[in-house]
Amino acid sequence: MTETTHQQSPRAGDGDRSPEYRLAQNALQGLRQDLFHDPFAYRPMGPRPTTGPLLRRLPTRMRTAAERLPHAVVGAIALLTLLIGAVSGSEPGGDARALLTGLLCALPVVATLTRPVGAFWLSIAVSPVTALLNGGGYDWPWMPGAFISHLTVLVVVALRTRPRTAVWMWVVTAAYAILSDIFIGGSYYYTNGGPMLVTSAFALLVVCLWHVRHTAQQEVTAQQTVTAQERSRRTLLEERTTIARELHDVVAHHMSVVAIQAEAAPYRVENPPEELERAFATIRENAVAALTELRRILGVVRAEDYEAPDAPQPTLADLDALLVNVRDAGLTVEKVVTGAVRELPPGVELSAYRIVQEALSNSLRHAPGASARVEIGYVLGGLGVRVVNAPVPQPSLVKPSPGAGHGITGMRERVAMLNGEMTAGPTGDGGYEVAVFLPVTAVNEGDA
């Protein structure tokens, strides 16, 4: 079976077209899309956002009224153009033509509230009509009311659309001014096309700059939000990875002890039964398998540059050495232990040590010069840890350093891992308190 492939030949002239031609073609497509594609589509002006720093402080009723402020401004300008258009004709306010002129000037301004692009074309169409209705006027091609109306329409439509639409509206306005002077106005009228083009150019330039600044602010805000979320997620993952590494050292030690004892146990009994040997062999195989699986999982979360610590993981017995280091760093700290001190599971002691370490580090950073107190409570159902620092003394020579709150995230992860409870927040006197309870399941002697 033979397969035949037909290549589609390019259309004649596609490869010969210059970049200038393609640029002009794209420009005409933009003009068609912005000003000619469904220009009278219904696009009502929405309420003004009230999330700004000033509007958020207003009462609810005033904030609701502020949402319709743009509509009120457009309505006021429409009323102004109606009055100016009615009194600027050859017979100001004296006949129906003056009133019709005012209405024609106000109509495009009102139309910007619902059909912005259509309002622009309506303003272009109204301009020569108002000039012909007031033949005795000396302004061409825009009567005073039509001048204000068209300038308002350009600004409002540019605010509601995008900078490219503003550029095309100005180009069409310039073309209308030039053609009306050549073919209609003649040399008997004073032309105000120049003032219209200059004034509208400055107004639209300001609007375009506002668009660019507003778009940049939105992009920066969105990027900051994404960055904050990614930073929080990365911090959470890093903390969980750290906990996994530390627990590996704790669990691996105990599992290794189980495997060694299970292997040596049969040799401590003279003529052990076959069932006992099989039981110890099964225990050793499961312990070795658990160690292998634990190392495999840890290899997934461990960073490439991670180096295993040489020293064993710290426990509450190492807390005094930690307090000595903290005191050398300038923090006055005291330790209070209540209850009967006993040995706790390694994971609980490690987590309690890390929580105290992070809480004291936060005190050093955020409350320089203050004193701290560490309370360790051994209770029947678990271990209580409380670290509280006093407020920063005033005046203070050392300023608190800003923090991202990652330490609190790590504490909560450790507490959640052990199904504990944690509260953290400022105290009534201006200090800060971290209180943690880590449950410990009691082991009966008969279950050991």
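None of these values were measured; they are calculated from a predicted model. (Residues numbered from 1 in each chain as written. Predicted model: local features only at pLDDT ≥ 70, side-chain atom pairs only at ≥ 80, totals over all residues. Heavy atoms only, no water.)

A. Focus on the overall build of the protein chain. Across its full length, the protein chain holds 12 helices and 7 strands. Considering only intrachain contacts with a sequence separation of at least 6, the fraction spanning at least 24 residues in the protein chain is 71%. Total accessible area computed for the protein chain in this model is approximately 27700 Å², and 60% of it derives from carbon and sulfur atoms. (Helix = DSSP H or I, 4+ residues; strand = E, 2+ residues; numbered from the N terminus. Contact = heavy atoms within 4.5 Å. Areas by Shrake-Rupley, 256 points an atom, 1.4 Å probe, with all protein chains shown as cover.)

B. Region of the structure containing the pairing of strand β6 (residues 421–426). Pairing of β6 with strand β7 (residues 432–439), which is carried by 6 bridges, proceeds in the antiparallel orientation. Looking at the pairing, glutamate 421 lines up with phenylalanine 437 of β7. Hairpin connection of β6 to β7: 5 residues between the antiparallel strands, including glycine 430 at a positive phi of 100°. (Pairing = 2+ DSSP bridges.)

C. Structural detail: the packing of aromatic side chains. Using the criterion set out here, one finds 3 aromatic pairs in the structure. On the basis of an interplanar angle of 70° and a centroid distance of 5.4 Å, the ring pair of tryptophan 142 and tyrosine 176 is categorised as edge-to-face. Pair noted here: tryptophan 142 is in the loop between β1 (139–140) and α6 (144–160) and tyrosine 176 is in helix α7 (residues 163–185), with a separation of 34 residues, a long-range link. The residues tryptophan 142 and tyrosine 176 share a single accessibility class, namely buried. Each residue in the set Phe36, Phe120 and Trp121 is aromatic and connected to the rest through ring pairs, giving one cluster. (Phe/Tyr/Trp six-rings, centres within 6.5 Å; stacked < 30°, edge-to-face > 60°. Buried < 20%, exposed > 50% of the residue type's maximum accessible area, 1.4 Å probe, protein only.)

D. The pattern of salt bridges, seen in detail. Tallied over the full model, the rule gives 8 salt bridges. Measuring nitrogen to oxygen at the nearest pair gives 2.6 Å for the salt bridge that ties aspartate 320 to lysine 335. Residue aspartate 320 is located in helix α10 (residues 319–328), and its partner lysine 335 is located in strand β3 (residues 332–338); the two are separated by 15 residues in the primary sequence. Between glutamate 375 and arginine 386 there is a salt bridge whose closest N-O contact spans 3.0 Å. Note that glutamate 375 is positioned in strand β4 (residues 371–379) and arginine 386 in strand β5 (residues 382–389), a separation of 11 residues in sequence. Exposure remark for arginine 386: the relative accessible area of 27% places this residue in the partly exposed category. Among the charged side chains, a salt-bridge network with shared partners connects Glu334, Arg373, Glu375, Arg386 and Glu433. (Salt bridge = Lys/Arg side-chain N within 4 Å of Asp/Glu carboxyl O.)

E. Quick look at the sheet that holds β3. The 5 strands are arranged β3-β4-β5-β7-β6 in an open sheet whose pairing can be described as mixed. Since the sheet does not close on itself, it has two edges, and those belong to β3 and β6, each with one partner. When the angles between neighbouring strand axes are averaged without regard to direction, this sheet yields 10°. Lying on the sheet, α10 is in contact with β3 and β4; it crosses β3 at an angle near 160°. Set on the sheet, helix α11 (residues 346–366) makes contact with β3, β4, β5 and β7; between it and β5 the angle comes to about 5°. (Axes fitted to C-alpha atoms, helices over the stretch in contact; angles between N-to-C directions.)

F. Broad picture of the packing of helix α1 (residues 19–36) against helix α5 (residues 116–133). As a packed pair, α1 and α5 sit with axes 9 Å apart at the nearest point and diverge in direction by 95°. One finds that α1 runs roughly perpendicular with respect to α5. Along its contact with α1, which presents Asp34, Leu35 and Phe36, the element α5 presents Val117, Phe120 and Trp121. Counted by class, the contact of α1 with α5 contains 5 nonpolar, no polar and 1 charged residues. (Parallel < 35°, antiparallel > 145°, perpendicular 65-115°, else oblique. Nonpolar A, V, L, I, M, F, W, Y, C, P; charged D, E, K, R; others polar.)

G. Region of interest: a nonpolar patch on the surface. A surface patch of nonpolar side chains, about 450 Å² in accessible area, is lined by Ile178, Leu179, Ile182 and Phe183. Residue position: leucine 179 is located in helix α7. Judged by its relative accessible area of 46%, leucine 179 is partly exposed. (Patch = residues over 30% accessible without salt bridge, like charges linked within 9 Å, V, L, I, M, F, W, Y side chains within 5 Å.)

H. A look at the environment of alanine 317. Take alanine 317: it is sitting in the loop between α9 (274–301) and α10. Linking alanine 317 and glutamate 349, residues 32 residues apart in sequence, is a C-alpha distance of 8.8 Å.

I. Geometry of the environment of tyrosine 378. Topologically, tyrosine 378 is positioned in strand β4. For the pair formed by tyrosine 378 and valine 337, sequence separation is 41 residues and the distance between their alpha carbons is 7.8 Å.

J. Main features of the nonpolar core. Counting residues in each nonpolar core, the largest one holds 32 residues, and the members touching the most others are Leu35, Val74, Phe120, Trp142, Val153, Ala158 and Met169. Among the elements of the structure, α1, α3 (69–87), α4 (96–111), α5, α6, α7 and α8 (193–264) are those that each provide at least two residues to this core. Those residues within four positions of alanine 158 in sequence are excluded, and the remaining contacts are Ala166, Met169, Leu204, Val207 and His211. Membership of the second largest hydrophobic core comes to 31 residues, among which are Leu316, Leu344, Val387 and Val440. (Core = buried A, V, L, I, M, F, W, Y, C linked by side-chain atoms within 4.5 Å.)

K. Structural context of α1. Taking 1.5 Å of rise per residue, the 18 residues of α1 would be expected to cover 26 Å, and the 25 Å separating its terminal C-alpha atoms lies within 8% of that figure. Aspartate 38, located one to two residues past α1, shows a positive phi value of around 50°. (Expected span 1.5 Å × (residues − 1).)

L. Inspection of α10 at higher detail. Within α10, the full set of buried residues consists of Leu319, Leu322, Leu323 and Val326. Projection of α10 onto a plane perpendicular to its axis shows the buried side chains occupying an angular sector of 100°, all on one side. Opposite the buried face of α10, at more than 90 degrees from it, the exposed residues are Asn325 and Asp328. Check the buried side of α10 and you find it contacts β3, α11 and β4. With its phi angle positive at about 110°, glycine 330 sits one or two positions after the end of α10. (Arc of directions from axis to C-beta.)

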